[in-house]
Amino acid sequence: MTALAAPIAPTRWWQGRAARRFISHRLALVGAIMITLLALACILGPSLLPYDSLHIDLRARFAPPLTGSHYLGTDPLGRDVAARLLMAGRISLMVGVLAMLLSTVAGTLVGVVAGYRGGLIGAVLMRTVDGFLAFPSIFLVLALAALLKPTPGMIVVIIALTKWMEVARIVEAEVRSLKEREFVHASRMLGLSSAHIMFREILPNAMGPIIVAASLTVARAILLEAYISFLGYGIQPPLPSWGNMLNGAQQYLASAPWLAIIPGAAITLAVTSFNFIGDGLRDALDVRGDLK
Amino acid sequence: MHRFLLGRLVQSLVLLVIVSVIGYVILSLIPGGPLSQFGLDPGLTADDIARLKEQMGLNQPVWVRYLDWAWKLVHGDWGVSLRDGTPVLTVIARHLVATLLLMGSSTVIAIAAGTWIGIRSATHRYSLFDYAATIGAMIALSIPTFWFGLVGIYVFSLKLGWLPAGNMYSIGDGSVLDYLHHLILPSLVLSLVHVAVWSRYMRAAMLDSINQDFVKTARAKGVAERRILMKHVVGNALLPMITLAGVQLPSILTGALVTETVFTWPGMGRLFYDSLGYSDYPVVMGILMFSAIVVILGNLIADVVVALVDPRIRLA
């Protein structure tokens, strides 16, 4: 067994075909660099700025960008927009990534079980997926966020609850086609348990599409958090998030347009980056999926 | 064909039942629930709450309550709005026209622009236009609709003063022209994402059919290039687009909620948002169910149309 499993030629991960194609996909690289810079800024930035994100200064309300050391201006309470933007970035990126992890794990579990078992269990699981997909996600998320207590953790759960279906569909289709392959028959003949076959033998072969879907899910989760926080049902102030910084910005659109423009630009930047990365990964991992 | 239709119909009905279960479970099992509206009233004693529970049938098992609710739903009794006692279906009907107007016009824009961009991208593959369309589409998919709306209001209403910043018509006016004037900005904003999706799918579908044998045959016969493109390639590429139109319904409704909120457009999305603010659960539930039904119907209609147009499915 061990002799057969010996690697053909030891290559470093960055020398592999996948990595080469990823790097050659310049947009993906741009996305990766942008998101790294953004994450670094959000992690390190707040301690470098002279203002705290919660510091209220009523004498400095509505200061436009580049007023003194308020590089991005101040909000209606005189809080520094730059400090709030970076703190909000921590929350928004964290919510996006955690919601992606949760929905990917849940979707993968459902997909693997439905695809491998098939039959009644598979049918029930996949019809449930169809059922969840029939609800426009923001309607569902808003209804849940309005009824439940909108703590950041709960927002993550709620977003994951409306984003797990796509992964489930992708994994189910992949597992269904993989389970008739020789290596699966061989594992079954060796007497391995179903759980072992599902998660140790089949799942690693379906990782490509899962990774691509996951990177695109981060983008959508960040957008969804922004939508519900903008509408006032997401992350609650004084905790800042990119979405809730825009909540209320509409009424000051004429006098303080930077309040609307800056957080929106941050959201667009982050979401674009994840979309670029997802697209690059799709090319690199040779996944043919939907084009969205 | 009949078997196909019957099969799809049964599938849709099953899905409808599943959707109703999901909707009911989510909204009825949540802490608080229908009684939360009375929770803030200090004049209510525990006895009153118990009596209310009895009256509303809340002490019965969940499945009995679900069947009761579903039975009423099928018979058109969707409950009444807690705000003013109007039947939920009437409230929805009142807001439906505004949403249809907005969704309809933005869908027309999206299909027209998306199809054109998709065709041009495919025929001029790897050209500057193609790259610009690819990157543009990805950025368009990343812009939050509400932010695009706010920027649109800032530029076109506040700075240039060309277009109104919200509402469906001006008070005291109400001419067709006035409606159109108010429609331009929200429908353009709502269509942005969909132009992006449509153009990407159209490009892929075009590239799929450009390399088909029947295109080579037509070319070998000496058919004019333009005729090949319009008749053979575009014609076939439009087929998957019909399915896409059905699949896109949920996201159009989603976009409509955000767009309607930003532009104070009196449609279903705005109604949903306002009803949440008033804890008007019957209306919230009604809109959730209504939109899910619309989505299922949309997918069903798209499948049927594809079957009617595509002989490969019809004759199978």
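Chain B has the name Diguanylate cyclase in an unreviewed UniProt entry, where Methylobacterium platani is given as its organism. Database annotation for chain B, UniProt heading Sequence similarities (unreviewed entry): "Belongs to the binding-protein-dependent transport system permease family." According to UniProt, the comment filed for chain B under the heading Subcellular location (unreviewed entry) is "Cell membrane".

An unreviewed UniProt entry lists chain A under the name Peptide ABC transporter permease, with Methylobacterium platani as the source organism. Per its UniProt entry, chain A bears the Subcellular location (unreviewed entry) comment "Cell membrane". The record in UniProt for chain A states the following under Sequence similarities (unreviewed entry): "Belongs to the binding-protein-dependent transport system permease family."

What follows is about the overall build of chain B. Along the backbone of chain B there are 14 helices and 0 strands. Listed by position from the N terminus, the elements making up chain B come as α-α-α-α-α-α-α-α-α-α-α-α-α-α. The 316 residues of chain B split such that 45% are buried. In chain B, the share of contacts with a sequence separation of at least 24, taken over all contacts with a separation of at least 6, comes to 72%. Taken as a whole, chain B presents about 16000 Å² of accessible surface, with 68% of it coming from carbon and sulfur. A distance of 16 Å separates the average location of the 22 positive side-chain charges in chain B from that of its 18 negative side-chain charges.

For the rest of this paragraph, the subject is the side chain of Ser121(B). All names here are of chain B. By the secondary structure assignment, Ser121 is in helix H5 (residues 88-123). Relative accessible area serves as the criterion here: at 1%, Ser121 is assigned to the buried category. Polar contacts involving the side chain of Ser121 include one to the side chain of Asp130, which spans 3.5 Å. In contact with Ser121, other than residues within four places in its own chain, are Phe129, Asp130, Ala133 and Arg203.

All right, on to the UniProt feature "domain: ABC transmembrane type-1" (unreviewed entry) in chain A then. What UniProt calls "domain: ABC transmembrane type-1" (unreviewed entry) maps, in this numbering, to residues 89-278 of chain A. Taken end to end, residues 89-278 of chain A has its terminal C-alpha atoms 20 Å apart, with 77% of it in helix and 0% in strand.

This part covers the nonpolar core. Membership of the largest hydrophobic core comes to 127 residues, with the highest contact counts inside it found for Leu142(A), Trp242(A), Phe146(B) and Phe272(B). If you count residues domain by domain, this core takes at least three from each of domain 1 (1-75) and domain 2 (90-278) of chain B. With near-sequence residues (within four places) excluded, Phe272(B) lies in contact with Phe139(A), Leu142(A), Ala143(A), Leu257(B), Val284(B), Ile287(B) and Leu288(B). If you look at the next biggest cluster of nonpolar residues, it comprises 18 residues, including Ile119(B), Ala205(B), Ile228(B) and Val234(B).

The next thing to look at is the domain arrangement of chain B. Structurally, chain B comprises domain 1 (1-75) and domain 2 (90-278). Between domain 1 of chain B and domain 2 of chain B, the C-alpha centre-to-centre distance is 35 Å.

So, about the UniProt feature "transmembrane region" (unreviewed entry) in chain A. Mapped onto this structure's residue numbering, the UniProt feature "transmembrane region" (unreviewed entry) falls at residues 27-49, 91-116, 210-235 and 255-278 of chain A. The span residues 210-235 of chain A is 81% helical and 0% strand by assignment, and the distance between its end C-alpha atoms comes to 28 Å.

With that settled, the discussion passes to the interface of chain A and chain B. In this complex, chain A contributes 46 residues to the contact, which on the side of chain B involves 48 residues. Regarding the contact of chain A and chain B, the summed buried area is about 4300 Å², with carbon and sulfur atoms giving 81% of it. Counting across the chain A and chain B interface gives 0 salt bridges. Between the two partners, chain A and chain B, sit 7 residue pairs in polar contact (both at pLDDT 80 or more). Put simply, the parts of the chain that give the side of chain A that touches chain B at least two residues each are helix H4 (119-133), helix H5 (137-147), helix H10 (207-230) and helix H12 (258-284) of chain A. Of all the elements, H12(A) adds the most residues to the side of chain A that touches chain B, at 11 residues. Looking at the side of chain A that touches chain B, its residues break down into 32 nonpolar, 8 polar and 6 charged.

A word on the packing of aromatic side chains. Scanning all chains against the criterion turns up 10 aromatic pairs over all chains. For the pair Phe139(A) and Phe272(B), a centre-to-centre distance of 4.8 Å together with 45° between the ring planes defines the contact as tilted. Here Phe139(A), found in helix H5, pairs with Phe272(B), found in helix H12 (residues 268-277), and the two come from separate chains. Here Phe139(A) falls in the buried class, since its relative accessible area comes to 1%. Ring geometry for Tyr24(B) and Tyr66(B): centres 5.7 Å apart, planes at 65°, overall edge-to-face.

Here we come to helix H4 (residues 62-74) of chain B. Residue and element names in this part refer to chain B. Between its first and last C-alpha, H4 extends 18 Å over 13 residues, near the 18 Å set by a 1.5 Å rise per residue. Every buried residue belonging to H4 is among Arg65, Tyr66, Trp69, Ala70 and Leu73, and all of these are buried. One side of H4 holds all its buried residues, which, seen down the axis, span an arc of 130°. Set apart from the buried face of H4 by more than 90 degrees, the exposed residues are Trp71 and Val74. Contact partners of the buried residues in H4: helix H1 (2-28) and helix H13 (281-309). Backbone geometry just after H4 places Gly76 at a positive phi near 85°.

The rules behind each value
Residues numbered from 1 in each chain as written. Chains lettered and ligands numbered in written order. Predicted model: local features only at pLDDT ≥ 70, side-chain atom pairs only at ≥ 80, totals over all residues. Heavy atoms only, no water. UniProt positions renumbered as here; feature names shortened; annotations may be inferred. Helix = DSSP H or I, 4+ residues; strand = E, 2+ residues; numbered from the N terminus. Buried < 20%, exposed > 50% of the residue type's maximum accessible area, 1.4 Å probe, protein only. Contact = heavy atoms within 4.5 Å. Areas by Shrake-Rupley, 256 points an atom, 1.4 Å probe, with all protein chains shown as cover. Lys, Arg positive; Asp, Glu negative; His and termini not counted. Charge placed at Lys NZ, Arg CZ, Asp CG, Glu CD. Polar contact = N/O pair within 3.5 Å; in protein donor to acceptor, adjacent residues only side chain to side chain. Core = buried A, V, L, I, M, F, W, Y, C linked by side-chain atoms within 4.5 Å. Domains from an automatic or database assignment. Buried area = accessible area lost by both parts, 1.4 Å probe. Salt bridge = Lys/Arg side-chain N within 4 Å of Asp/Glu carboxyl O. Nonpolar A, V, L, I, M, F, W, Y, C, P; charged D, E, K, R; others polar. Phe/Tyr/Trp six-rings, centres within 6.5 Å; stacked < 30°, edge-to-face > 60°. Expected span 1.5 Å × (residues − 1). Arc of directions from axis to C-beta.

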